[in-house]
Structures are given as C-alpha cells and as structure tokens.
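The lines below spell out each chain.
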Amino acid sequence: ISLQELMQPKPGANGTAVTEFILLGLVETPGLRPAVFVLFLLAYLVTVGGNLSILAAILVEPKLHTPMYFFLGNLSVLDIGCITVTVPSMLGRLLFHKRTVPYAACLSQLFFFHLLVGVDCFLLTAMAYDRFLAICRPLTYSTRMSPTVQRRLVAVSWACAFSNALTHTVAISTLNFCGPSVINHFYCDLPQLFQLSCSSTQLNELLLFGVGFIMAGTPLALVVTSYIHVAAAVLRIRSAEGRKKAFSTCGSHLTVVAIFYGSGIFNYMRLGSAKLSDKDKAVGIFNTVANPMLNPIIYSLRNPDVQGALWRVIKGRWSLV
C-alpha cells in the first residue's frame, strides 16, 4: 500500500467518506479567540526560546559536554517539535477563522505527534540509564556511556518511536469515517478519531493498549528499576552533601518523567468514556504545550551549571547587539 493510498479516506457503509474534519478548538466563544491566540502564541515563543537557550547553553559550556546533557539537548529538540506539530496549525485556524483540517493533514499530525512523543519516552529512559551508570557504576561509566553508545540509544529511540507511530497511523487509516466529522479538540489524536469512526474500533483500541503497554510500560519499568538502584546507592553515601548532590542530578529528571507519564496515562486510559469532555482539552494542553514549556525551567531551576551557561549565552547575545 502506498503512502498516497494510505492518506485517502475510506468510504463508510453508506458509500460516503469524510474528506476533512472540523476541529472545534479550545473555545467556541468568538470573543475569547483573540485572547487564546495571544496566550498560545506567547507559550509557543517561550517554549521554543527556552529550549533553544538550553541547546545553546549545552553547546557553549564545556562542563555540559556530558552524556546527560547530550540527551537533554535531544530532548529540547523534541520539545520544540512536539509543540510545533500542534500549536502553529491551531494559531493559523484562529487567525484565519478556519476550523477544517483535511483528512491527510489530520493523519500526518497524528503520525508526527506520536513519533516525537515516542522518542521523548525512550530518551527519558536513556537518561535514567545514564544516571544509573553514573551513580551505581562510576568506574565503567565512561566506557558504558561512550559517544557511540549515546548515538545508538538515540537512534534506537527514533526507530522504536517510528514503528509505533506508523503502526497507529496505518491502523487508523483502515477505519471508515462517514460523518459526523466534528472533533471537540484543537488537534487530531487517537481517542477523538475513534469516536468519529463508523466502523468498529475495538481492534484499534486493543492495539493502542497492547503496543502502548510495550512501548511506554517497558521504558517506565526501566526508569523505576534504574532509580531504585540509584536510591539504594545514594543512601549508602555517608556525607549529607554527597547525597544531596547525587539526588539533585536526578530530581529534575524524575519530575519530568512524572509529568510526562501522568498526563499520558490520563489521556489514553479514558478511551472507554462515552463522551470526551473539556478535561481532555486540558490534558491535551498539558501534553502539547505545558510539558515542552516546563522542561527547560525544570532542568535549569536547580542546576548551577545550566544557569551559568544560560547567563553566558544571554550576555553574549547582548554584547552582539
């Protein structure tokens, strides 16, 4: 089956096919749309600016040329990608008072969103493994987490996420959509499309749970296992200062993991609900906007090395003006 055939809508039982969807967006009151536009434009600019600043800090600061910050730099790129997949198109619809999105564009957005979120999931696991090696296996850390290993972990993350995103996109393309075509959300995602299908989504939902259990459950189990070993090793450190330093390097990562998995589980474990509500929009905002915006803040808040590097980047910019 070719990509062009995949992106063509399938006719339903009555012979008609939905060629475009109507995204209701965040607010239906026209008077509130300008405020929503400004708010989300600012959020987008802050997120892109914050993550680019983290990237610049990692590049200019020699102290940050370590595996942990290599993964953090990749995570910043993903955060920019995640918010770019959803927010600019929503801003465009608000600006031009257009609610429709073509079938192919909807599936494309679905694919890229799941691709980037999937890589995010695996990178968080690689970062947990990095902390495990640094704290529990310090003597062999440099060989076990060599630049080659780092690049392989990133490559495997992309490969696994690509297969996951493609699986769901192909599966959703087999469903029939014959109306209604209204999505009560601001971007295309699986739960919303399942509700609009006029064919059975049971296999798709089983696939989502099954593949999700493997692709998200396994990384989460590895993260938890890594941090159990890390906690045990840190508690054996005699000095309070040593324990504090070891935990400070893990605290930011654990916070990001908790937010990422918490919002993701809430979003996809409610497929059986009869009607998707405004709560799902709130979770969607958290997944696509809040998470990418919070990550630079979380990683720089308690990290003097990142703060120092960011300050040097900002001073360098001002000196060029």
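Numbers given for residues are sequential positions, taken from 1 along each chain in its written order. Under the rules for a predicted model, residues below a pLDDT of 70 receive no local features and side-chain atom pairs below 80 are neither given nor counted, while totals for whole chains, interfaces and linings still include all residues. Where side-chain values are given, they derive from all heavy atoms of the structure, hydrogens and water being excluded.

## Here's the deal with the sheet that holds strand S3 (residues 182-183)
Okay, step 1: Criterion used throughout: strands pair if DSSP finds at least two bridges between them. The way it works is that DSSP assigns letters per residue, a run of H or I at least four long becomes a helix, a run of E at least two long becomes a strand, and they are numbered from the N terminus. Here we have three strands laid out as an open sheet, ordered S2-S1-S3, and mixed in their pairing. Edge positions in the sheet fall to strand S2 (100-102) and S3, since each has one partner strand and no second.
Okay, step 2: Where strand S1 (residues 20-23) meets S3, two bridges bridge the pair, whose relative direction is parallel. When the bridges of S3 are listed, isoleucine 22 appears paired with valine 182.
Okay, step 3: By the convention used here, residues are in contact when the closest approach between their heavy atoms is within 4.5 Å. Axis definition: a line fitted to C-alpha atoms, limited for helices to the stretch in contact. Angles are taken between N-to-C directions and run from 0 to 180 degrees. Along the sheet, helix H4 (residues 103-136) contacts S1, S2 and S3; its crossing angle with S2, the most-contacted strand, is approximately 80 degrees.

## Structural notes on the nonpolar core
One broad rule of soluble globular proteins: the nonpolar side chains tend to lie buried together.
Okay, step 1: Of all hydrophobic cores here, the largest spans 66 residues; its most connected members are Leu72, Leu124 and Val230.
Okay, step 2: If you list the elements that add at least two residues to this core, you get helix H2 (33-60), helix H3 (67-95), H4, helix H6 (147-173), helix H8 (202-235), helix H9 (240-268), helix H10 (278-301) and helix H11 (304-320).
Okay, step 3: Excluding its chain neighbours within four sequence positions, the residues that come into contact with leucine 72 are Ile54, Ile58, Met127 and Tyr299. Put simply, a nonpolar core is a bunch of buried Ala, Val, Leu, Ile, Met, Phe, Trp, Tyr and Cys residues held in one set by side-chain atoms that sit within 4.5 Å of each other. A simple rule labels every residue: compare its accessible area, found with a 1.4 Å probe on the protein chains alone, to the largest value its type can have, and call it buried under 20%, exposed over 50%, or partly exposed in between.

## Quick look at the pairing of S1
Okay, step 1: The two faces of S1 differ: Phe21 and Leu23 on one face are buried, but Glu20 and Ile22 on the other face are not.
Okay, step 2: Where S1 meets S2, three bridges bridge the pair, whose relative direction is antiparallel. Considered in S2, the bridge of phenylalanine 21 is made with valine 101.

## Describing the pattern of salt bridges
Okay, step 1: Criterion for a salt bridge: a side-chain nitrogen of Lys or Arg within 4 Å of a carboxyl oxygen of Asp or Glu. One pass over the structure, following the stated rule, counts one salt bridge.
Okay, step 2: Taking the shortest distance from any N to any O, the salt bridge between arginine 131 and aspartate 130 comes out at 2.9 Å.
Okay, step 3: Its relative accessible area of 9% is what places arginine 131 among the buried residues.

## Some words on a nonpolar patch on the surface
Okay, step 1: A contiguous nonpolar patch, built from Phe162, Leu166 and Val170 and spanning about 230 Å² of accessible area, is present on the exposed surface.
Okay, step 2: Take valine 170: it is sitting in helix H6. Each patch is assembled from residues with relative accessible area greater than 30% and no salt bridge, linking like charges that lie within 9 Å and nonpolar side chains (Val, Leu, Ile, Met, Phe, Trp, Tyr) that lie within 5 Å. The Shrake-Rupley method, run with a 1.4 Å probe sphere, supplies the accessible areas, and residue values consider only the shown protein chains as cover.

## Examining the packing of aromatic side chains
Okay, step 1: Aromatic contacts are taken between Phe, Tyr and Trp rings whose centres are within 6.5 Å, Trp giving its six-membered ring; a plane angle under 30 degrees counts as stacked, one over 60 as edge-to-face, and the others as tilted. Enumeration over the complete set of coordinates arrives at eleven aromatic pairs.
Okay, step 2: On the basis of an interplanar angle of 75 degrees and a centroid distance of 5.1 Å, the ring pair of phenylalanine 111 and phenylalanine 112 is categorised as edge-to-face.
Okay, step 3: Members of the aromatic cluster, each reached through a chain of ring pairs, are Phe40, Phe113, Phe186 and Tyr187.

## Let's talk about the UniProt feature "transmembrane region" (unreviewed entry) in the chain
Okay, step 1: UniProt positions are given in the numbering used here, feature names are shortened, and annotations may be inferred rather than shown by experiment. Under the local residue numbering, the UniProt record ascribes the feature "transmembrane region" (unreviewed entry) to residues 35-60, 69-91, 111-132, 153-172, 206-235 and 247-269.
Okay, step 2: The span residues 69-91 shows a helical share of 100% and a strand share of 0%, and its end C-alpha atoms are spaced 32 Å apart.
Okay, step 3: In the segment residues 153-172, helix accounts for 100% and strand for 0%; the C-alpha atoms at its two ends are 29 Å apart.

## Some remarks on the state of the cysteines
Okay, step 1: In what follows, a disulfide is any cysteine sulfur pair within 2.5 Å. A full pass over the atoms with the stated rule returns two disulfides.
Okay, step 2: The disulfide partner of cysteine 106 is cysteine 188, and the S-S distance across this bridge is 2.0 Å. Every disulfide takes its handedness from the sign of the S-S torsion; for cysteine 106 and cysteine 188 that torsion is -120 degrees, giving left-handed. In this pair, cysteine 106 sits in helix H4 while cysteine 188 sits in the loop between S3 and helix H7 (190-196), placing the two residues 82 residues apart along the sequence.
Okay, step 3: Judged by relative accessible area, which is 0%, cysteine 106 ranks as buried.
Okay, step 4: At a sulfur-sulfur separation of 2.2 Å, the disulfide partner of cysteine 178 is cysteine 198. With cysteine 178 in the loop between H6 and S3 and cysteine 198 in the loop between H7 and H8, this residue pair connects regions lying 20 residues apart in the sequence.
Okay, step 5: Take cysteine 178: its relative accessible area is 23%, and that puts it in the partly exposed class.

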